[in-house]
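# Architecture at a glance
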Amino acid sequence: INHIVHNGGLYKRPFNEDFEETPMLVAVLTYVGYGVLTLFGYLRDFMRQWKIEKCQNATEREEQKDFVPLYQDFENFYNRNLYMRIRDSWNRPICSVPGAKVDMMERVSHDYNWTFTYTGRVIKDIINMGSYNYLGFAQKAGTCQEAAAKVLSQYGAGVCSTRQEMGNLDKHEELEKLVARFLGVESAMAYGMGFATNSMNIPALVGKGCLILSDELNHASLVLGARLSGATIRIFKHNNMQSLEKLLKDAIVHGQPRTRRPWKKILILVEGIYSMEGSIVRLPEVIALKKKYKSYLYLDEAHSIGALGPTGRGVVEYFGLNPEDVDVMMGTFTKSFGAAGGYIGGKKELIDYLRTYSHSAVYATSLSPPVVEQIITSMKCIMGEDGTTVGKARVQQLAENTRYFRRRLKEMGFIIYGNEDSPVVPLMLYMPAKIGAFGREMLKRNIGVVVVGFPATPIIESRARFCLSAAHTKEMLDTALKEINEVGDLLQLKYSRHRLVPLLDRPFDETTYEETED
Amino acid sequence: MDIKSMKNYLYWLYCQFELITCSYLMEPWEKLLFYTFNITMLVMVLYTAYIFVSVHISTALQFFLHLFGNQHENTVSVVK
């Protein structure tokens, strides 16, 4: 056995992640922009209150004006005055399957985005850079669609019951065995909705007297599940292992806050790929910490299952780790499998417990049969069990697309966040007017992008988020890159100074973590 | 073609100004209000500069000349 010490021995491949700092001038100008918009927001609110202007947003009724005000907080102010001005970049209605190209219904607004009307025209073949279609399984023709159509004619569309009552089909059992085999765990359970998988199962696993250590930038479903459980929640800085270790040490040494008793359970909540930053979790270090301090790990692989790893098995395979080290492996079927729903995988005792105690199993309707068949067919395709190499080709195509796209964007001079291998690519915009301008200019050039601002991101760090797909050919990516380059010059988005900020945490040494290769 | 590229460049600069101050997102009457305010402020600053800077410069010049002139006269009187 030869120990190759590479990056402290835990990482078998280089981990390249960078978050370039906001340039000072850009930050100042962003605040200037927000300041101007705030002043005009106050002016418009004044005019609305004194009836100089017609009030088109929701307000309280006349009789309720003396009650506690409902719409005076910052979120509602932001909504009325800033979000409404750029609202046409969101909720765009599409009218075809969201594959690599998509059709969109054209709409115009005559009163500055308060109401929309459809012109009746359909914009065809827009390059889709916004759908979570990582492996390209969002198709309307092909083996998955035929199998799903056959099952639809056999079982129908509705299940009309929960898992525990009459909604447990043989298709669900088949799916769960397949998912367990795919992940390399003992057993798995599938649920109808990905968000509900997190928010309904974390309360079943932890309760009062337990400790949850959750990452700063966790998804709303994890936060909701953690809050519903009633456990104590402590937050560590994003992907920062020193912060996590400090919290673990404090938890073990001091115990529960008042009584100083030891915690019943410590659960670490992390995600595989964080969708707003494009960063990948430092899984080898998290597992080493978990083993040292004897806590449990809940890994949410919503965006990374199917998208990372040489055969698409997710972030565990990407780092070359053992799936049995992760106690609860959760993921969704929405992103890479082109279906809907979520799953939880782990040891047999855990899954049998969840079958009885999970809220989702008891109260929520189970997965619809054609959706289950889509998942089964696409998973077999990825694993190569349908006899073709289509799945493997797709996984490799996605990895190539990711590296190519990220490299080209960085060379052009944009600020791109995240890890080099993640198919989620956030491009920083910063200024509020550029959010609206970017969305509109890209649509003019027939490319559909998703732009994100406050409250999903911090207020000055608004971004455009590209989601790459195995269905994108190199020509489509080249077209998209050409248009992004043009729009970047037009709007002056190339802020990068080509200065790679080194990662802020100190390099790990042998004294902190256990050696896991043996 | 120099005029055309100059005009394009100036239009691009105007677009950048619009994006940075978010007047790209404003309705026409808001834009009018905003630009009127900005242009008024700018004209007032320039006018103030025009009126006062020339007076200040000439006063400062006179002061320094008087200082050096006095010194010259003093040295001359001592030598005498």
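None of these values were measured; they are calculated from a predicted model.

### Things to note about helix α13 (residues 390-412) of chain A
All names here are of chain A.
- For α13, which comprises 23 residues, the first-to-last C-alpha distance of 32 Å matches the rise-based estimate of 33 Å (1.5 Å per residue) to within 8%.
- Those residues of α13 lying buried are Gly391, Arg394, Val395, Leu398, Asn401, Thr402, Tyr404, Phe405, Arg406, Leu409 and Met412.
- Contacts made by the buried residues of α13 are with α12 (369-383), β13 (418-419), β14 (424-428), β17 (463-467) and α15 (474-491).
- Trailing α13 by a residue or two, Gly413 shows a phi angle of about 110 degrees, which is positive.

### Quick word on the packing of helix α5 (residues 194-205) of chain A against helix α10 (residues 348-357) of chain A
All names here are of chain A.
- It is at 10 Å that the axes of α5 and α10 come closest, and there the two elements cross at 110 degrees. Considering the angle they form, α5 stands roughly perpendicular to α10. On α10, the residues that touch Asn201, Ala204 and Leu205 of α5 are Leu350, Tyr353, Leu354 and Tyr357.

### Overview of the UniProt feature "transmembrane region" (unreviewed entry) in chain A
- In the numbering used here, UniProt assigns the feature "transmembrane region" (unreviewed entry) to residues 24-43 of chain A.
- Taken end to end, residues 24-43 of chain A is 100% helix and 0% strand, and its two terminal C-alpha atoms sit 29 Å from one another.

### Side note on the interface of chain A and chain B
- In this complex, chain A contributes 21 residues to the contact, which on the side of chain B involves 15 residues.
- Here chain A packs against chain B, burying approximately 1,800 Å² in sum over the two surfaces, 70% of which is carbon and sulfur.
- Of all residues in chain A, Phe40, Tyr112 and Ala433 of chain A give up the largest surface area on contact with chain B, accounting jointly for 28% of the area buried on that side.
- Across the chain A-chain B interface, the total number found is three salt bridges.
- Residue Arg85 of chain A pairs with Glu30 of chain B through a salt bridge whose shortest N-O separation is 2.8 Å.
- Run the count over chain A and chain B and you get seven residue pairs in polar contact (both at pLDDT 80 or more).
- Those elements that place two or more of their residues in the side of chain A that touches chain B are α1 (24-49), α14 (432-444) and α15 of chain A.
- Here the element with the most residues in the side of chain A that touches chain B is α1 of chain A; it accounts for eight residues.
- For the side of chain A that touches chain B, the class distribution of residues is 14 nonpolar, two polar and five charged.

### Some points on the sheet that holds strand β6 (residues 232-236) of chain A
All names here are of chain A.
- The seven strands lie next to each other as β4-β12-β11-β10-β7-β5-β6, forming an open sheet whose pairing is mixed. Every interior strand has two partners, whereas the edge strands, β4 (187-191) and β6, have only one. If you compare each strand with its neighbour and ignore which way they point, the axes differ by 20 degrees on average.
- The pairing of β4 with strand β12 (residues 342-346) spans five bridges and is antiparallel.

### A word on the pairing of strand β5 (residues 211-215) of chain A
Residue and element names in this part refer to chain A.
- Counting buried residues in β5 gives five out of five residues, a clear majority hidden from the surface.
- What you see with β5 is no split at all: Leu211, Leu213 and Asp215 on one side and Ile212 and Ser214 on the other are buried throughout.
- Of the pairings in the sheet, the one linking β5 to β6 comprises five bridges and is parallel in character. Paired with Asp215 across the bridge in β6 is Phe236.
- Crossover β5 to β6 through helix α6 (residues 220-229) is right-handed.
- Two elements, β5 and strand β7 (residues 266-271), share four bridges in a ladder whose sense is parallel. Bridge pairing in β7 links Ile212 to Leu267.

### Quick look at the nonpolar core
Residues and elements named next belong to chain A.
- Of all hydrophobic cores here, the largest spans 112 residues; its most connected members are Met129, Leu283, Phe333, Phe405, Leu409, Phe438 and Phe466.
- In this structure, this core is formed jointly by two domains, domain 1 (22-128 + 389-498) and domain 2 (143-383), each of which donates at least three residues.
- For Phe405, the contacting residues outside a window of four places in its chain are Met129, Val425, Phe466, Leu468, Leu477, Leu481 and Ile484.
- Membership of the second largest hydrophobic core comes to 21 residues, among which are Tyr191, Cys210, Tyr298 and Leu354.

### Points about the UniProt feature "transmembrane region" (unreviewed entry) in chain B
- Within this numbering scheme, the UniProt entry marks residues 32-53 of chain B as carrying the feature "transmembrane region" (unreviewed entry).
- Secondary structure across residues 32-53 of chain B comprises 100% helix and 0% strand; the distance between its end C-alpha atoms is 31 Å.

### Describing the pattern of salt bridges
- Applying the stated criterion across every chain yields a total of 35 salt bridges over all chains.
- Residue Glu245 of chain A pairs with Lys292 of chain A through a salt bridge whose shortest N-O separation is 3.7 Å. In this pair, Glu245 of chain A is assigned in helix α7 (residues 241-254) and Lys292 of chain A in helix α8 (residues 283-293), connecting sequence segments 47 residues apart.
- Lys494 of chain A serves as the salt-bridge partner of Asp489 of chain A, at 3.4 Å between the closest nitrogen and oxygen.
- Judged by its relative accessible area of 44%, Asp489 of chain A is partly exposed.
- Salt bridges here are not isolated pairs; linked through shared partners, they connect Arg44, Glu53 and Arg85 of chain A together with Glu27 and Glu30 of chain B.

Reading the values: the criteria
Residues numbered from 1 in each chain as written. Chains lettered and ligands numbered in written order. Predicted model: local features only at pLDDT ≥ 70, side-chain atom pairs only at ≥ 80, totals over all residues. Heavy atoms only, no water. Helix = DSSP H or I, 4+ residues; strand = E, 2+ residues; numbered from the N terminus. Expected span 1.5 Å × (residues − 1). Buried < 20%, exposed > 50% of the residue type's maximum accessible area, 1.4 Å probe, protein only. Contact = heavy atoms within 4.5 Å. Axes fitted to C-alpha atoms, helices over the stretch in contact; angles between N-to-C directions. Parallel < 35°, antiparallel > 145°, perpendicular 65-115°, else oblique. UniProt positions renumbered as here; feature names shortened; annotations may be inferred. Buried area = accessible area lost by both parts, 1.4 Å probe. Salt bridge = Lys/Arg side-chain N within 4 Å of Asp/Glu carboxyl O. Polar contact = N/O pair within 3.5 Å; in protein donor to acceptor, adjacent residues only side chain to side chain. Nonpolar A, V, L, I, M, F, W, Y, C, P; charged D, E, K, R; others polar. Pairing = 2+ DSSP bridges. Right-handed = clockwise from strand over helix to strand, strands pointing away. Core = buried A, V, L, I, M, F, W, Y, C linked by side-chain atoms within 4.5 Å. Domains from an automatic or database assignment.

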